Amino acid sequence: MKVKLRIKRFDPAADKRPRFQEYEVEAEPTDRVLDALHYIKWYLDGTLGFRRSCGHGTCGSDAMIINGRNRLACKCLIKDLKHPITVEPIQGLKVEKDLIVDMDPFFEAYRDVKPFLINDDVPARGERIQSQEERAVFDDTTKCILCAACTTSCPIFWANGQYIGPAAIVNAHRFIFDSRDQAVEERLQILNRKMGVWRCRTIFNCMEACPRDIKITKAIEDVKRAILYEKL
Ligand code: SF4
Ligand code: F3S
Ligand code: FES
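Residues numbered from 1 in each chain as written. Chains lettered and ligands numbered in written order. Predicted model: local features only at pLDDT ≥ 70, side-chain atom pairs only at ≥ 80, totals over all residues. Heavy atoms only, no water.

1. Structural notes on the overall build of the protein chain
Looking only at helices and strands, one finds 8 helices and 7 strands in the protein chain. The dimensions of the protein chain, computed from C-alpha atoms along their principal axes, are 60 × 35 × 30 Å. Burial analysis of the protein chain (232 residues in total) assigns 47% to the buried set. Counting contacts in the protein chain only where the partners sit at least 6 residues apart, residues at least 24 apart contribute 63% of the total. On the protein chain, the mean spot of the 38 positive side-chain charges and the mean spot of the 34 negative ones are 4 Å from each other. (Helix = DSSP H or I, 4+ residues; strand = E, 2+ residues; numbered from the N terminus. Buried < 20%, exposed > 50% of the residue type's maximum accessible area, 1.4 Å probe, protein only. Contact = heavy atoms within 4.5 Å. Lys, Arg positive; Asp, Glu negative; His and termini not counted. Charge placed at Lys NZ, Arg CZ, Asp CG, Glu CD.)

2. A closer look at the sheet that holds strand β4 (residues 69-72)
Pairing within the open sheet is mixed, and its 5 strands lie in the order β2-β1-β5-β3-β4. Looking at the sheet topology across the chains shown, the edges are occupied by β2 (19-26) and β4. Neighbouring strand axes in the sheet, compared pairwise and without regard to direction, differ in orientation by 35° on average. Relative to β2, strand β1 (residues 2-9) runs antiparallel, the two being bridged by 8 bridges. Residue K4 lies in a different strand from β2, and its bridge partner there is E24. (Pairing = 2+ DSSP bridges. Axes fitted to C-alpha atoms, helices over the stretch in contact; angles between N-to-C directions.)

3. Thoughts on the nonpolar core
With 67 residues, the main nonpolar core has L5, I7, L37, I164, L191 and V223 as its most contacted residues. The element best represented in this core is helix α5 (residues 166-176), accounting for 6 residues. With near-sequence residues (within four places) excluded, I7 lies in contact with R19, F20, Q21, Y23, L37, I40, L48, V87 and L99. (Core = buried A, V, L, I, M, F, W, Y, C linked by side-chain atoms within 4.5 Å.)

4. Here we look at the packing of α5 against helix α6 (residues 184-191)
Relative to each other, α5 and α6 sit at 160°, their axes nearing to 10 Å. By the angle between their axes, α5 is roughly antiparallel relative to α6. Viewed along their axes, α5 and α6 form a crossing whose handedness is left-handed. Together, I169, A172, F175 and I176 of α5 and V184, R187, L188 and L191 of α6 make up the contact between the two elements. (Parallel < 35°, antiparallel > 145°, perpendicular 65-115°, else oblique. Left-handed = near helix turned anticlockwise from the far one by under 90°.)

5. Some details on the site of ligand 2
Ligand 2 sits among 13 residues. The nearest are C154, C200, R201, F204 and C206. Looking at the shell around ligand 2, the elements with two or more residues in it are α7 (205-209) and α8 (216-230). Here the residues of the shell around ligand 2 sort into 9 nonpolar, 3 polar and 1 charged. (Near = heavy atom within 4 Å. Nonpolar A, V, L, I, M, F, W, Y, C, P; charged D, E, K, R; others polar.)

6. A word on the pattern of salt bridges
With the rule as written, the count across this model stands at 18 salt bridges. K114 is paired through a salt bridge with E186; the nearest N and O atoms lie 3.3 Å apart. Taken together, the positions of K114 in the loop between α2 (104-112) and α3 (132-136) and E186 in helix α6 put the pair 72 residues apart, joining distant regions of the chain. The exposure class of E186 is partly exposed, given its relative accessible area of 38%. With its nearest N and O atoms 3.9 Å apart, the salt bridge here joins E221 to K224. Separated by 3 residues within a single helix, E221 and K224 lie in helix α8, roughly one turn from each other. Of the residues examined, K224 reaches a relative accessible area of 10% and is grouped as buried. (Salt bridge = Lys/Arg side-chain N within 4 Å of Asp/Glu carboxyl O.)

Keep in mind these values describe shape, not function.
And the structure:
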(Lines give C-alpha, C1' and ligand atoms only; values in the text may rest on other atoms or scores of the structure.)
(Ligands and ions follow the chains in the order given, each with its own letter.)
Protein backbone atom coordinates (compact mmCIF):
# COMPACT_ATOMS: atom_id res chain seq x y z
CA MET A 1 0.00 0.00 0.00
CA LYS A 2 0.98 3.64 -0.49
CA VAL A 3 1.22 5.70 2.71
CA LYS A 4 1.55 9.45 3.00
CA LEU A 5 3.61 10.99 5.80
CA ARG A 6 3.74 14.68 6.73
CA ILE A 7 6.97 15.30 8.60
CA LYS A 8 7.92 18.47 10.41
CA ARG A 9 11.35 19.45 9.16
CA PHE A 10 13.72 22.03 10.58
CA ASP A 11 17.41 22.57 10.03
CA PRO A 12 18.56 25.51 12.19
CA ALA A 13 21.58 25.96 9.90
CA ALA A 14 19.41 26.51 6.81
CA ASP A 15 15.75 27.22 7.78
CA LYS A 16 14.19 30.28 9.40
CA ARG A 17 11.23 28.29 10.67
CA PRO A 18 9.94 24.69 10.67
CA ARG A 19 7.95 23.43 7.68
CA PHE A 20 6.02 20.27 6.84
CA GLN A 21 7.26 18.03 4.04
CA GLU A 22 5.17 15.26 2.50
CA TYR A 23 6.46 11.87 1.41
CA GLU A 24 4.73 8.89 -0.14
CA VAL A 25 6.15 5.51 0.80
CA GLU A 26 5.44 1.91 -0.08
CA ALA A 27 4.57 0.03 3.12
CA GLU A 28 2.78 -3.00 4.53
CA PRO A 29 -0.08 -2.34 7.00
CA THR A 30 1.96 -4.19 9.63
CA ASP A 31 5.03 -2.01 9.10
CA ARG A 32 5.86 0.47 11.84
CA VAL A 33 6.24 4.22 11.45
CA LEU A 34 9.95 3.60 12.00
CA ASP A 35 10.01 1.42 8.86
CA ALA A 36 8.40 4.24 6.87
CA LEU A 37 10.99 6.70 8.20
CA HIS A 38 13.77 4.30 7.21
CA TYR A 39 12.25 4.01 3.72
CA ILE A 40 12.32 7.80 3.37
CA LYS A 41 15.86 8.08 4.73
CA TRP A 42 17.27 5.23 2.62
CA TYR A 43 15.38 5.65 -0.67
CA LEU A 44 13.81 9.13 -0.90
CA ASP A 45 15.60 11.75 1.17
CA GLY A 46 18.83 11.09 3.04
CA THR A 47 18.68 14.50 4.73
CA LEU A 48 15.84 13.49 7.09
CA GLY A 49 17.08 13.41 10.68
CA PHE A 50 15.69 11.10 13.40
CA ARG A 51 17.05 8.92 16.20
CA ARG A 52 16.55 5.22 16.67
CA SER A 53 18.58 2.29 17.88
CA CYS A 54 16.98 -0.97 19.05
CA GLY A 55 13.88 -0.90 16.84
CA HIS A 56 11.96 -2.86 19.50
CA GLY A 57 10.70 -0.48 22.19
CA THR A 58 13.70 -0.92 24.48
CA CYS A 59 16.23 1.86 23.94
CA GLY A 60 13.79 4.79 24.14
CA SER A 61 15.49 6.80 21.40
CA ASP A 62 12.65 7.26 18.88
CA ALA A 63 9.95 9.10 20.83
CA MET A 64 8.16 11.54 18.52
CA ILE A 65 4.73 13.07 18.10
CA ILE A 66 2.77 10.81 15.76
CA ASN A 67 -0.70 12.01 14.80
CA GLY A 68 -0.66 14.41 17.74
CA ARG A 69 0.45 11.95 20.45
CA ASN A 70 3.85 11.15 21.92
CA ARG A 71 4.75 7.61 20.88
CA LEU A 72 7.68 5.43 19.90
CA ALA A 73 7.96 5.16 16.11
CA CYS A 74 9.06 1.53 16.48
CA LYS A 75 5.89 0.59 18.34
CA CYS A 76 3.33 2.25 16.04
CA LEU A 77 1.84 0.13 13.28
CA ILE A 78 0.82 1.91 10.06
CA LYS A 79 -2.54 0.08 10.07
CA ASP A 80 -3.49 1.57 13.46
CA LEU A 81 -3.04 5.19 12.35
CA LYS A 82 -5.16 7.66 10.42
CA HIS A 83 -3.58 8.82 7.14
CA PRO A 84 -1.77 10.97 6.24
CA ILE A 85 0.46 10.25 9.22
CA THR A 86 1.84 13.40 10.81
CA VAL A 87 5.22 13.16 12.51
CA GLU A 88 6.74 15.94 14.64
CA PRO A 89 9.58 16.20 17.18
CA ILE A 90 8.67 15.88 20.87
CA GLN A 91 7.88 19.22 22.50
CA GLY A 92 9.68 21.29 25.11
CA LEU A 93 13.25 20.43 24.08
CA LYS A 94 15.24 22.36 21.48
CA VAL A 95 15.10 20.89 17.98
CA GLU A 96 18.57 20.06 16.71
CA LYS A 97 17.36 18.85 13.34
CA ASP A 98 13.99 17.55 12.11
CA LEU A 99 12.89 14.89 14.66
CA ILE A 100 16.09 15.09 16.72
CA VAL A 101 15.87 17.15 19.91
CA ASP A 102 18.50 18.16 22.46
CA MET A 103 18.11 15.58 25.24
CA ASP A 104 20.69 17.19 27.56
CA PRO A 105 18.17 18.99 29.84
CA PHE A 106 16.16 15.77 30.13
CA PHE A 107 19.21 13.74 31.20
CA GLU A 108 20.37 16.50 33.55
CA ALA A 109 17.08 16.18 35.46
CA TYR A 110 17.53 12.39 35.45
CA ARG A 111 21.06 12.67 36.86
CA ASP A 112 19.86 15.15 39.50
CA VAL A 113 17.87 12.46 41.33
CA LYS A 114 20.90 10.15 41.61
CA PRO A 115 19.47 7.20 39.68
CA PHE A 116 21.65 4.50 41.20
CA LEU A 117 21.70 2.43 44.38
CA ILE A 118 23.43 4.19 47.27
CA ASN A 119 24.49 1.96 50.12
CA ASP A 120 27.95 2.08 51.70
CA ASP A 121 27.48 -0.91 54.02
CA VAL A 122 29.20 -4.15 53.19
CA PRO A 123 26.44 -6.75 52.72
CA ALA A 124 26.45 -9.34 55.51
CA ARG A 125 26.15 -12.42 53.29
CA GLY A 126 27.76 -11.17 50.10
CA GLU A 127 24.51 -9.81 48.68
CA ARG A 128 21.72 -7.47 49.73
CA ILE A 129 18.69 -9.60 50.49
CA GLN A 130 15.27 -8.26 49.51
CA SER A 131 11.90 -9.98 49.84
CA GLN A 132 9.50 -10.32 46.90
CA GLU A 133 7.12 -7.94 48.70
CA GLU A 134 9.85 -5.31 49.09
CA ARG A 135 10.77 -5.64 45.40
CA ALA A 136 7.14 -5.34 44.30
CA VAL A 137 6.88 -1.81 45.80
CA PHE A 138 9.04 -0.32 43.04
CA ASP A 139 8.68 -2.95 40.31
CA ASP A 140 6.61 -0.69 38.04
CA THR A 141 9.13 2.15 37.96
CA THR A 142 12.00 -0.18 36.98
CA LYS A 143 10.39 -0.45 33.53
CA CYS A 144 11.37 3.07 32.40
CA ILE A 145 13.39 3.24 29.15
CA LEU A 146 14.09 7.01 29.40
CA CYS A 147 12.29 7.83 26.17
CA ALA A 148 11.12 11.27 27.45
CA ALA A 149 7.61 10.76 26.04
CA CYS A 150 6.17 11.58 29.47
CA THR A 151 8.14 14.71 30.33
CA THR A 152 7.71 16.19 26.85
CA SER A 153 3.93 15.68 26.93
CA CYS A 154 3.57 17.59 30.20
CA PRO A 155 2.21 21.17 29.85
CA ILE A 156 3.99 22.17 33.07
CA PHE A 157 7.30 21.21 31.43
CA TRP A 158 6.37 23.04 28.20
CA ALA A 159 5.76 26.19 30.26
CA ASN A 160 8.89 25.83 32.36
CA GLY A 161 11.71 23.55 31.29
CA GLN A 162 13.19 23.79 34.80
CA TYR A 163 10.45 21.43 36.10
CA ILE A 164 12.23 18.19 36.91
CA GLY A 165 9.53 16.26 35.05
CA PRO A 166 7.78 12.90 35.43
CA ALA A 167 10.63 10.76 34.03
CA ALA A 168 13.07 11.95 36.68
CA ILE A 169 10.44 11.41 39.40
CA VAL A 170 9.77 7.87 38.12
CA ASN A 171 13.49 7.09 38.28
CA ALA A 172 13.81 8.61 41.74
CA HIS A 173 10.82 6.51 42.87
CA ARG A 174 12.64 3.38 41.71
CA PHE A 175 15.34 4.00 44.37
CA ILE A 176 13.37 5.88 47.06
CA PHE A 177 11.21 2.79 47.60
CA ASP A 178 14.04 0.28 47.28
CA SER A 179 14.54 -1.25 50.75
CA ARG A 180 18.32 -1.58 50.08
CA ASP A 181 18.91 2.12 49.38
CA GLN A 182 20.27 4.56 51.96
CA ALA A 183 19.75 7.92 50.20
CA VAL A 184 15.99 8.26 50.48
CA GLU A 185 16.10 11.54 52.37
CA GLU A 186 18.63 13.07 49.96
CA ARG A 187 16.44 12.26 46.96
CA LEU A 188 13.28 13.50 48.67
CA GLN A 189 15.05 16.79 49.48
CA ILE A 190 15.87 17.17 45.77
CA LEU A 191 12.27 16.46 44.74
CA ASN A 192 10.92 18.79 47.42
CA ARG A 193 12.59 21.78 45.72
CA LYS A 194 10.67 24.53 43.92
CA MET A 195 10.99 22.81 40.53
CA GLY A 196 10.43 19.35 41.97
CA VAL A 197 7.45 17.12 42.44
CA TRP A 198 5.04 19.84 43.61
CA ARG A 199 4.97 21.39 40.14
CA CYS A 200 2.93 18.41 38.98
CA ARG A 201 -0.77 19.28 38.67
CA THR A 202 -1.91 15.72 37.89
CA ILE A 203 -2.67 16.50 34.25
CA PHE A 204 -2.18 12.81 33.27
CA ASN A 205 -0.65 13.43 29.78
CA CYS A 206 2.44 11.60 30.99
CA MET A 207 0.46 8.44 31.76
CA GLU A 208 -1.13 8.42 28.32
CA ALA A 209 2.22 8.90 26.62
CA CYS A 210 4.23 6.23 28.43
CA PRO A 211 5.00 3.31 26.08
CA ARG A 212 5.76 1.09 29.09
CA ASP A 213 2.40 1.75 30.76
CA ILE A 214 4.09 2.88 33.94
CA LYS A 215 1.66 4.27 36.52
CA ILE A 216 3.45 7.59 36.54
CA THR A 217 0.87 9.62 38.45
CA LYS A 218 0.83 6.96 41.18
CA ALA A 219 4.62 7.16 41.41
CA ILE A 220 4.38 10.95 41.70
CA GLU A 221 1.73 10.64 44.43
CA ASP A 222 3.87 8.07 46.28
CA VAL A 223 6.77 10.54 46.29
CA LYS A 224 4.57 13.45 47.44
CA ARG A 225 3.22 11.32 50.30
CA ALA A 226 6.70 10.20 51.25
CA ILE A 227 7.78 13.84 51.50
CA LEU A 228 4.72 14.81 53.53
CA TYR A 229 4.09 11.89 55.84
CA GLU A 230 6.78 9.31 55.90
CA LYS A 231 10.34 10.00 55.17
CA LEU A 232 11.16 13.72 55.43
FE1 SF4 B 1 9.38 6.93 28.77
FE2 SF4 B 1 7.53 6.01 30.50
FE3 SF4 B 1 10.08 6.30 31.28
FE4 SF4 B 1 8.57 8.43 30.82
S5 SF4 B 1 8.25 6.89 32.42
S6 SF4 B 1 10.68 8.17 30.15
S7 SF4 B 1 7.32 7.77 29.11
S8 SF4 B 1 9.31 4.90 29.71
FE1 F3S C 1 2.60 16.71 34.02
FE2 F3S C 1 2.01 14.17 34.32
FE3 F3S C 1 1.92 15.79 36.38
S4 F3S C 1 1.45 15.45 32.62
S5 F3S C 1 1.34 17.69 35.50
S6 F3S C 1 3.72 15.26 35.26
S7 F3S C 1 0.53 14.14 35.95
FE1 FES D 1 14.55 1.76 20.48
FE2 FES D 1 12.25 2.55 19.41
S3 FES D 1 14.16 2.34 18.43
S4 FES D 1 12.69 2.20 21.49
